[in-house]
There are 2 protein chains.
Amino acid sequence: MKQILIAFTILVNANLVFSQTTFDPQQHRVVTTDRPDGRFVSTYGVVHNMLKNTTPECAFNPDFSREQFASWRERVRTAMETIMCHPKAQNMPKPKRVSVEQKDGYRLETWEAYPLEGCVTGFKVMVPDGKKGAIPDVLCIPGSGMAKEHLTGEIEVKNPHAAMALNIVRHGYIAVAVDNACSGEASDLERLAGVGYDYDIPSRILLELGWSWLGYTSYLNKQVLEWMKEQPSIRRDRIVVSGFSLGTEPLMVLGVMDKSIYAFVYNDFLCQTQERAVVMTAPDKRGRRPFPNSIRHLIPRFWNYFNFPDIVASLAPRPIIFTEGGLDRDLNLVRRAYEISGNPDGVEIHHYPKYANPENRKDVKSLPEGLDRTEYFDAVNVDGPNHYFKDELVLSWLDEII
Amino acid sequence: MKQILIAFTILVNANLVFSQTTFDPQQHRVVTTDRPDGRFVSTYGVVHNMLKNTTPECAFNPDFSREQFASWRERVRTAMETIMCHPKAQNMPKPKRVSVEQKDGYRLETWEAYPLEGCVTGFKVMVPDGKKGAIPDVLCIPGSGMAKEHLTGEIEVKNPHAAMALNIVRHGYIAVAVDNACSGEASDLERLAGVGYDYDIPSRILLELGWSWLGYTSYLNKQVLEWMKEQPSIRRDRIVVSGFSLGTEPLMVLGVMDKSIYAFVYNDFLCQTQERAVVMTAPDKRGRRPFPNSIRHLIPRFWNYFNFPDIVASLAPRPIIFTEGGLDRDLNLVRRAYEISGNPDGVEIHHYPKYANPENRKDVKSLPEGLDRTEYFDAVNVDGPNHYFKDELVLSWLDEII
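All of the points below concern the structure found in this document. Computed from a predicted model, the values in this text were never measured in an experiment. (Residues numbered from 1 in each chain as written. Chains lettered and ligands numbered in written order. Predicted model: local features only at pLDDT ≥ 70, side-chain atom pairs only at ≥ 80, totals over all residues. Heavy atoms only, no water.)

### Description of the overall build of chain A
Looking only at helices and strands, chain A features 14 helices and 9 strands. In terms of C-alpha radius of gyration, chain A reaches 23 Å, essentially the compact-globule figure of 21 Å for 402 residues. For chain A, the spread of C-alpha atoms along the three principal axes comes to 80 × 50 × 40 Å. Within chain A, the proportion of its 402 residues that are buried is 64%. Sequence-distant contacts, at least 24 apart, represent 71% of the contacts inside chain A between residues at least 6 apart. Accessible surface, chain A as shown: approximately 15,500 Å² in total, 49% of it carbon and sulfur. (Helix = DSSP H or I, 4+ residues; strand = E, 2+ residues; numbered from the N terminus. Rg over C-alpha atoms; globule rule 2.2 N^0.38 Å. Buried < 20%, exposed > 50% of the residue type's maximum accessible area, 1.4 Å probe, protein only. Contact = heavy atoms within 4.5 Å. Areas by Shrake-Rupley, 256 points an atom, 1.4 Å probe, with all protein chains shown as cover.)

### Let's talk about the interface of chain B and chain A
With 100 residues of chain B in contact, the opposing surface of chain A contributes 97 residues. In this structure, the connection of chain B to chain A is made through 4 salt bridges. The interface formed by chain B and chain A contains 24 residue pairs in polar contact (both at pLDDT 80 or more). In terms of residue class, the side of chain B that touches chain A is made up of 56 nonpolar, 24 polar and 20 charged. (Salt bridge = Lys/Arg side-chain N within 4 Å of Asp/Glu carboxyl O. Polar contact = N/O pair within 3.5 Å; in protein donor to acceptor, adjacent residues only side chain to side chain. Nonpolar A, V, L, I, M, F, W, Y, C, P; charged D, E, K, R; others polar.)

### Remarks on the sheet that holds strand S5 (residues 174–178) of chain B
Residue and element names in this part refer to chain B. Spatial ordering of the open sheet is given by S1-S2-S3-S5-S4-S6-S7-S8-S9, a layout of 9 strands whose pairing is mixed. Edge positions in the sheet fall to strand S1 (96–103) and strand S9 (347–349), since each of these pairs with one other strand and no more. Between one strand axis and the next, the sheet turns by 15° as a mean value, whatever way the strands run. As defined by bridge partners, strand S2 (residues 106–113) adjoins strand S3 (residues 121–128) across 8 bridges and the pair is classed as antiparallel. Bridge assignment links Trp-111 to a residue of S3, and that residue is Phe-123. Each of strand S4 (135–141), strand S6 (234–244) and strand S7 (263–267) is contacted by helix H8 (residues 248–257), which is oriented at about 155° to S7, the strand it contacts most. (Pairing = 2+ DSSP bridges. Axes fitted to C-alpha atoms, helices over the stretch in contact; angles between N-to-C directions.)

### Observations concerning the sheet that holds strand S2 (residues 106–113) of chain A
Residue and element names in this part refer to chain A. Judged by pairing direction, the sheet is mixed, and its 9 strands sit side by side in the order S1-S2-S3-S5-S4-S6-S7-S8-S9 without closing on themselves. The sheet is open, and its two borders are formed by strand S1 (96–103) and strand S9 (347–349), each paired with just one other strand. The average undirected angle you get between the axes of adjacent strands in this sheet is 15°. Sheet strands in contact with helix H14 (residues 391–401) are strand S4 (135–141), strand S6 (234–244), strand S7 (263–267), strand S8 (320–322) and S9, and its direction is about 165° off that of S7.

### So, unusual backbone geometry
The omega torsion across Ala-316 of chain A and Pro-317 of chain A is 10°, close enough to zero to call that bond cis. Inspection of the secondary structure assignment puts Pro-317 of chain A in the loop between helix H11 (308–313) and S8. Phi is positive for Cys-182 of chain A, close to 75°, though the residue is something other than glycine. A positive phi is found at Asn-91 of chain B, a non-glycine position, where the angle reads about 55°.

### Some words on the relation of the copies chain B and chain A
Here chain B sits on chain A after a turn of 180° about the axis and a move of 0.0 Å along it, with an RMSD of 0.0 Å. One copy is carried onto the other by what is essentially a two-fold rotation axis. When C-alpha positions in chain B are compared against the rotation axis, the closest is assigned to Pro-300 of chain B, at 4.1 Å. (Least-squares fit on C-alpha atoms with pLDDT ≥ 70 in both.)

### Some remarks on the packing of helix H1 (residues 43–52) of chain A against helix H6 (residues 200–208) of chain B
Look at H1 of chain A against H6 of chain B: their axes get within 9 Å of each other, and the N-to-C directions meet at 25°. Taken as axis vectors, H1 of chain A and H6 of chain B run roughly parallel relative to one another. In the crossing of H1 of chain A with H6 of chain B, the sense of the turn from one axis to the other is left-handed. Residues Thr-43, Tyr-44, Val-47, Met-50 and Leu-51 of chain A of H1 of chain A form the contact with H6 of chain B, whose participating residues are Ile-201, Pro-202, Ile-205 and Leu-206 of chain B. Looking at the contact of H1 of chain A with H6 of chain B residue by residue, the classes come out as 8 nonpolar, 1 polar and no charged. (Parallel < 35°, antiparallel > 145°, perpendicular 65-115°, else oblique. Left-handed = near helix turned anticlockwise from the far one by under 90°.)

### Examining the packing of aromatic side chains
Taken as a whole and assessed by the stated rule, the structure comprises 36 aromatic pairs over all chains. Seen from their ring centres, Tyr-199 of chain A and Trp-213 of chain A are 6.2 Å apart, and the 70° between their planes marks the pair as edge-to-face. Here Tyr-199 of chain A, found in the loop between helix H5 (190–193) and helix H6 (200–208), pairs with Trp-213 of chain A, found in helix H7 (residues 213–229); they are 14 residues apart in sequence, far enough to count as distant. Neither Tyr-199 of chain A nor Trp-213 of chain A differs from the other in exposure class; each is buried. Measuring from ring centre to ring centre gives 5.4 Å for Phe-60 of chain B and Trp-72 of chain B, while their planes differ by 55°; the resulting arrangement is tilted. Residue Phe-60 of chain B is found in the loop between helix H1 (43–52) and helix H2 (66–84), and its partner Trp-72 of chain B is found in helix H2; the two are separated by 12 residues along the sequence. Taking the relative accessible area as the measure of exposure, Trp-72 of chain B reaches 0% and is therefore buried. (Phe/Tyr/Trp six-rings, centres within 6.5 Å; stacked < 30°, edge-to-face > 60°.)

### Digging into the state of the cysteines
The tally for this structure, following the rule as stated, stands at 0 disulfides over all chains. Cys-85 of chain B takes part in no disulfide bond, and the closest cysteine sulfur, belonging to Cys-85 of chain A, lies 13 Å away. (Disulfide = S-S within 2.5 Å.)

### Focus on the pairing of S7 of chain B
Residue and element names in this part refer to chain B. With respect to burial, S7 is a largely interior element, 5 of its 5 residues being buried. With burial as the criterion, each face of S7 is covered, one bearing Ala-263, Val-265 and Asn-267 and the other bearing Phe-264 and Tyr-266. Two elements, S6 and S7, share 5 bridges in a ladder whose sense is parallel. Each residue of the ladder has a partner; that of Val-240, found in S7, is Ala-263.

### Side note on the side chain of Asn-381 of chain B
Residues and elements named next belong to chain B. By the element assignment, Asn-381 lies in the loop between helix H13 (373–379) and helix H14 (391–401). Here the side chain of Asn-381 touches Lys-362 through a polar contact of 3.0 Å, landing on its backbone nitrogen. With residues near it in sequence (within four places) discarded, Asn-381 still touches Gly-326, Leu-327, Tyr-352, Tyr-355, Arg-361 and Lys-362.

### Examining the pattern of salt bridges
Counted according to the given criterion, the structure contains 58 salt bridges over all chains. The closest approach of N and O atoms between Arg-39 of chain A and Asp-37 of chain A, which form a salt bridge, is 3.8 Å. Under the relative-accessibility criterion, Arg-39 of chain A is labelled buried at 15%. Notably, a salt bridge pairs Glu-275 of chain A with Arg-329 of chain A, separated by 2.6 Å at the nearest N-O pair. In this pair, Glu-275 of chain A is assigned in helix H9 (residues 273–279) and Arg-329 of chain A in helix H12 (residues 328–340), connecting sequence segments 54 residues apart. There is no split in this pair, since Glu-275 of chain A and Arg-329 of chain A are both buried. Linked by salt bridges that have partners in common, Arg-35, Asp-37 and Arg-39 of chain A together with Glu-112 of chain B make up one network.

This is the structure in structure tokens:
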């Protein structure tokens, strides 16, 4: 490597260095070193290798006994508490109802909570007409680019499935809808400027202060969850958390941290996120290797502890539905966790229709390095254009488990 | 805010939402809330407020007694060790010399160190001819977009000042030149593709694992520093660390963590980085507020402990030269630290020529919010086009302090 140093013109706007037409990204999909000692000169090579060799401390082991499983689950919880850095909620004013409206078949309430100094967060409560006593409740967490008002139907959605909370209240359960941090009314100037939400700059500030987007947004959700438990209209032993896409991340955090949640709707594909970062190494034509996602997903030390399948496995035996599949390899880990914990029927798994037939699914032990984003999604049975909230599966499942 | 929700079309490619021509960024330079309780609805508002209210635990206090100063300095050191997360160096092969070349007036050696499993890092050693016994040595750390070969003159530089190590060896001291992580031969495919170095993707991987670009690169530098201390040709009580631009960051880390370093060349402006992030809030025409820099500069919890002036203040009483000024407010803190520690002449400060006359310098107690990048640099006396390694100041200063 040392011998092929190319004359660089200095200084510092590094994007303006000369271009060279002979670079072929196809030849560099996999990260290698040509040194006989196997060491990497490139920092990317070193840290990619470091990531590959990181074994999460709290990985689920399919050979756990029931007792080992239970004690492992506590270790997952402790680790999650450690990296989420939730502050102690103290001296917060109680949430307030700021408006109420009667709609066709349900009551729509707008509430405010005050989870942190200098912070207010809105949430919506939808209560079906004609129900007596406490009833089950679903906390609805939206996906990227969405607001809670998409979930309630107050903002029109192209695909009516997306109105998660509206569909749930019409089905007869209370629905509570929250925003993700940085989106909907929690966005900054984006709605005025007519552009998409910027999750990354607030995430960056949080990270500088030792927090994270996910730690922050799950903390806000947690305060809403605590409020839900105190409502006479809500059966506190039948609280379900439902996450769509990005919303599955706070779902996992809440699920691990709060044992009182009854069940979960996981509306996204499930994957080994560490493996995803390890195998997505195919450079673009400028020689840049990708990273799977932006820094709103960055939680320092996450992979030192676990991957997504470990986390959802730790939710057993509480009922969970997966609506958009993934690799059987990963989903089988979750199935195994539910078996060990004595509730093998507690997990229900659906694949994208395209991959419903097992013969159409890729089933691999480990993915090869050198993939780009599209190839990765393809390799883990994701049918992107059909990524939406699958209420056609969720509503009947809710009836069953409740 | 709730009342002005604008109908969004869903889904999820948030950049494709409708555009609106009436947005005027000038009206939103400062982050405000119109709520009577002063709380922020926007996540940006909340976290900006959080950042503003963060008081670094290890802030320098100009009223310190000499004893208080000394014990505070130890707290800075402990905090730096905590957030830099250097692993214990163990079972590493000794650095090896891989080539040696006689040049006009000096010997140029290329060395390799093996600071981590799977990792090799190269460094250059330049030894002036005709010196007897151990002599002083300067560890040279480059700026962004530069390689160690720019410092040694092996790669031509437009501005001959930039060849820091070459200028130092010609002046009669040993110069050791390192790469920053992700640059020079430690880059990935950038030199093949003819594009600028990508510091951010490796930084992202490091952050996921609980480390950081600065933690990593300073750890590599530290191994070279340890090697330097063992060389018979080097006076271990006269080791200087010199950082240009980005290189001032590892300089600060090394300086705090290693008490044996004799002196420092800080070749960049000095600023309160936390304040910089707080005041740079002017949105662009798309409503995006800036962040001062990319994630290679992200060290979780940094501002919970200190700002740059606190760190360099803690280097007192060891000699330091600043070559590119900053705000007098911040530089005076450093002067005060050197007074308290009993070496008021230990700090030498130069401004950019444009700001050499105090009458030309802005001198403020605190900067106003609502600045953009250009306004910020202007406000802190930075003359960007004249940012280069000021060997015309450094070499004579080195002679004096050595």
